[in-house]
Amino acid sequence: MDNPFKLIKPTDKPPENLKKDVMESIELMMLVVRMLQLFMVDYSISIPESMDQFFRTSKDEKHKNKDPDKKSDDPEK
Amino acid sequence: MVNSRDIAEDLSHDIFLKVFLSLQKYDGKASFSTWLYRITSNFCIDYIRKHKRISNKIEDYTYELESRTEEENEKDLLSSKAELLARILDELDPEDKMILLMKYQEEMSIKNIMQVFDISESAVKMRLKRAKAKAVNLKTEIKKGHG
């Protein structure tokens, strides 16, 4: 007995232009992504760097405020 | 699945784009073809749910044939003529249709179907059993309609 599910299985192949359309869409998508990467700031990199910079600066400020009379290591001063 | 060549082509295009965008999420736990099936089936089921009005007839069925064994339902279904089977599948809920096609057309294992639908083995078996019962009920209804 033939499996009727096999008999109704579509055998026609997808059209040739489908692959072309898909590749064109992918190329367009890649172009958009690259343009966005080019013009947008990558916050995942910039935020930790700026936070680090901020804390380092504020730490230095605190140290300066704590020892206002402390002389500089520079012997000329 | 969608019974229209034009829509099938549009969906294929969108599915390939989705696959391309989701490639990073492929973890290699299941085979690539199973993963592809998963994306395709989810995409098609979503599309059909949004665009096709499913016949209320299916919901109204009482499972009078559920008392029959699963083997009897399977035998009944596999003895159907191809045209009748195509009509039955067309009337079925997309998820039921999909699981029957996976099992009997693509001859996928229960394990692969589990991975496609992300459900347990017992859930796959239960869905298959229900899908077969619904299909056999539909077959009876269609035959009654003709008779």
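Quick caveat, the model's predicted, so the values are computed rather than measured.

### With respect to the packing of helix 6 (residues 94-105) of chain B against helix 7 (residues 110-117) of chain B
Residue and element names in this part refer to chain B. Between helix 6 and helix 7, the shortest axis-to-axis distance is 10 Å and the interhelical angle comes to 145°. Seen along the crossing, helix 6 lies across helix 7 with a hand that is right-handed. Counting all contacts with helix 6, which are made through Glu95, Met98, Ile99, Met102 and Lys103, the residues of helix 7 involved are Ile113, Val116 and Phe117. Of the residues in the contact of helix 6 with helix 7, the class split is six nonpolar, no polar and two charged.

### Structural notes on the nonpolar core
With 34 residues, the main nonpolar core has A:Phe5, B:Leu100 and B:Phe117 as its most contacted residues. Listed by contribution, the elements that provide at least two residues to this core are helix 1 (5-22), helix 2 (32-51), helix 4 (70-78), helix 5 (82-91), helix 6, helix 7 and helix 8 (121-146) of chain B. Counting residues per element, this core draws most heavily on helix 8 of chain B, at seven residues. If near-sequence neighbours (up to four positions away) are discounted, B:Phe117 is found in contact with B:Ile45, B:Glu95, B:Met98, B:Ile99, B:Met102 and B:Arg127.

### Thoughts on the interface of chain A and chain B
Contacts between the two partners involve 19 residues from chain A and, on the opposite side, 22 residues from chain B. Of the roughly 1,900 Å² buried where chain A meets chain B, counting both sides, 74% is carbon and sulfur surface. Per-residue buried area on chain A facing chain B is highest for A:Pro4, A:Phe5 and A:Ile8; these three make up 33% of the total on that side. Across the contact surface, chain A and chain B share two salt bridges. Between B:Glu107 and A:Lys6 there is a salt bridge whose closest N-O contact spans 3.8 Å. The interface formed by chain A and chain B includes five residue pairs in polar contact (both at pLDDT 80 or more). Secondary-structure elements contributing two or more residues to the side of chain A that touches chain B are helix 1 (4-7) and helix 2 (16-39) of chain A. Counting residues per element, the side of chain A that touches chain B draws most heavily on helix 2 of chain A, at seven residues.

### Brief notes about the packing of helix 2 of chain B against helix 7 of chain B
All names here are of chain B. At a minimum axis distance of 8 Å, the contact between helix 2 and helix 7 shows a crossing angle of 55°. Comparing their axes, helix 7 and helix 2 come out oblique. Judged by the twist between their axes, the crossing of helix 2 over helix 7 is right-handed. Of helix 7, the residues touching helix 2 (which contributes Thr34, Tyr37, Arg38, Ser41 and Ile45) are Asn112, Gln115, Val116 and Phe117.

### A closer look at the environment of B:Ser22
Residue and element names in this part refer to chain B. Positionally, Ser22 belongs in helix 1. Considering only alpha carbons, one finds Ser22 and Asp76, 54 residues apart in sequence, at a separation of 40 Å. Excluding residues within four positions of it along the chain, Ser22 makes contact with Trp35 and Ile39.

### Concerning the pattern of salt bridges
Taken as a whole, this structure holds 14 salt bridges over all chains when the rule is applied. Across the pair A:Lys20 and A:Glu24 runs a salt bridge, and its minimum N-O distance is 3.9 Å. Taken together, the positions of A:Lys20 and A:Glu24, both in helix 2 and four residues apart, correspond to about one turn of that helix. You can call A:Lys20 exposed: its relative accessible area is 54%. According to the relative accessible area criterion, A:Glu24 is partly exposed, its value standing at 42%. A single network of salt bridges, built from pairs that share partners, joins B:Arg49, B:Glu95 and B:Arg127.

Cut-offs used in this document
- Residues numbered from 1 in each chain as written.
- Chains lettered and ligands numbered in written order.
- Predicted model: local features only at pLDDT ≥ 70, side-chain atom pairs only at ≥ 80, totals over all residues.
- Heavy atoms only, no water.
- Axes fitted to C-alpha atoms, helices over the stretch in contact; angles between N-to-C directions.
- Helix = DSSP H or I, 4+ residues; strand = E, 2+ residues; numbered from the N terminus.
- Left-handed = near helix turned anticlockwise from the far one by under 90°.
- Contact = heavy atoms within 4.5 Å.
- Nonpolar A, V, L, I, M, F, W, Y, C, P; charged D, E, K, R; others polar.
- Core = buried A, V, L, I, M, F, W, Y, C linked by side-chain atoms within 4.5 Å.
- Buried < 20%, exposed > 50% of the residue type's maximum accessible area, 1.4 Å probe, protein only.
- Buried area = accessible area lost by both parts, 1.4 Å probe.
- Salt bridge = Lys/Arg side-chain N within 4 Å of Asp/Glu carboxyl O.
- Polar contact = N/O pair within 3.5 Å; in protein donor to acceptor, adjacent residues only side chain to side chain.
- Parallel < 35°, antiparallel > 145°, perpendicular 65-115°, else oblique.

Spatial relationships are all this shows, so hold off on functional conclusions.
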